[in-house]
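# Commentary on secondary and tertiary structure
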Amino acid sequence: MFGRSSSSADIVLDDPGVSRRHFEIAVSGDQATATDLGSTNGTLVDGRRITSLPLSDGITLTAGDTDVVFRETETGGR
């Protein structure tokens, strides 16, 4: 979970425009999804407010004045 509060967020964003609990990224199988957690200023992708959005490599999520770029990584037994 991303947010402003160190007591409720796993990743703290030091930005007054970010809510204490702003958004989360959940992974199910090989798909990651970003979900806004009812933040005051919203979570934006390309300037549009989202509630929930499947993610692909390179998507930029904006919370307050902070940009978070989602990057996929390969996992495997090599």
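Quick note: structure is the one above.
So, how was this worked out
Residues numbered from 1 in each chain as written. Predicted model: local features only at pLDDT ≥ 70, side-chain atom pairs only at ≥ 80, totals over all residues. Heavy atoms only, no water. Helix = DSSP H or I, 4+ residues; strand = E, 2+ residues; numbered from the N terminus. Rg over C-alpha atoms; globule rule 2.2 N^0.38 Å. Buried < 20%, exposed > 50% of the residue type's maximum accessible area, 1.4 Å probe, protein only. Contact = heavy atoms within 4.5 Å. Areas by Shrake-Rupley, 256 points an atom, 1.4 Å probe, with all protein chains shown as cover. Pairing = 2+ DSSP bridges. Axes fitted to C-alpha atoms, helices over the stretch in contact; angles between N-to-C directions. Polar contact = N/O pair within 3.5 Å; in protein donor to acceptor, adjacent residues only side chain to side chain.

## Observations concerning the overall build of the protein
Helix and strand counts for the protein stand at zero helices and nine strands. The linear arrangement of helices and strands in the protein, starting from the amino end, is β-β-β-β-β-β-β-β-β. In terms of C-alpha radius of gyration, the protein reaches 13 Å, essentially the compact-globule figure of 12 Å for 78 residues. Here the protein, with 78 residues, has 33% of them falling under the buried criterion. The long-range fraction of contacts in the protein, counting pairs at least 24 apart against all pairs at least 6 apart in sequence, stands at 17%. Summing over all exposed atoms, the protein offers an accessible surface of approximately 5200 Å²; the carbon and sulfur share of this is 43%.

## Details of the sheet that holds strand β5 (residues 43-45)
An order of β6-β5-β8-β9 is seen for the four strands of this open sheet, with the pairing classed as antiparallel. Both edges of this open sheet fall to β6 (48-50) and β9 (66-69), since each of them pairs with a single strand only. Strand-to-strand twist of the sheet, defined as the mean angle between neighbouring strand axes without regard to direction, takes the value 40 degrees. In this structure, strand β8 (residues 60-63) lies alongside β9, joined through four bridges in antiparallel fashion.

## Structural notes on the side chain of Ser19
Tracing the backbone through its elements, the reader meets Ser19 in the loop between β2 (11-12) and β3 (23-28). The class for Ser19 is buried, based on a relative accessible area of 12%. Polar side-chain contacts of Ser19 include one of 3.0 Å to the backbone nitrogen of Thr40. If we ignore the near neighbours within four places in the chain, the residues touching Ser19 are Gly3, Arg4, Ser39 and Thr40.

## Topic: unusual backbone geometry
One non-glycine residue, Asp46, lies in the positive phi region at around 55 degrees. Structurally, Asp46 can be placed in the loop between β5 and β6.

## Remarks on the environment of Ala26
For Ala26, the position within the fold is in strand β3. Taking the C-alpha atoms as reference points, Ala26 and Pro16, 10 residues apart in sequence, are found 24 Å from one another.

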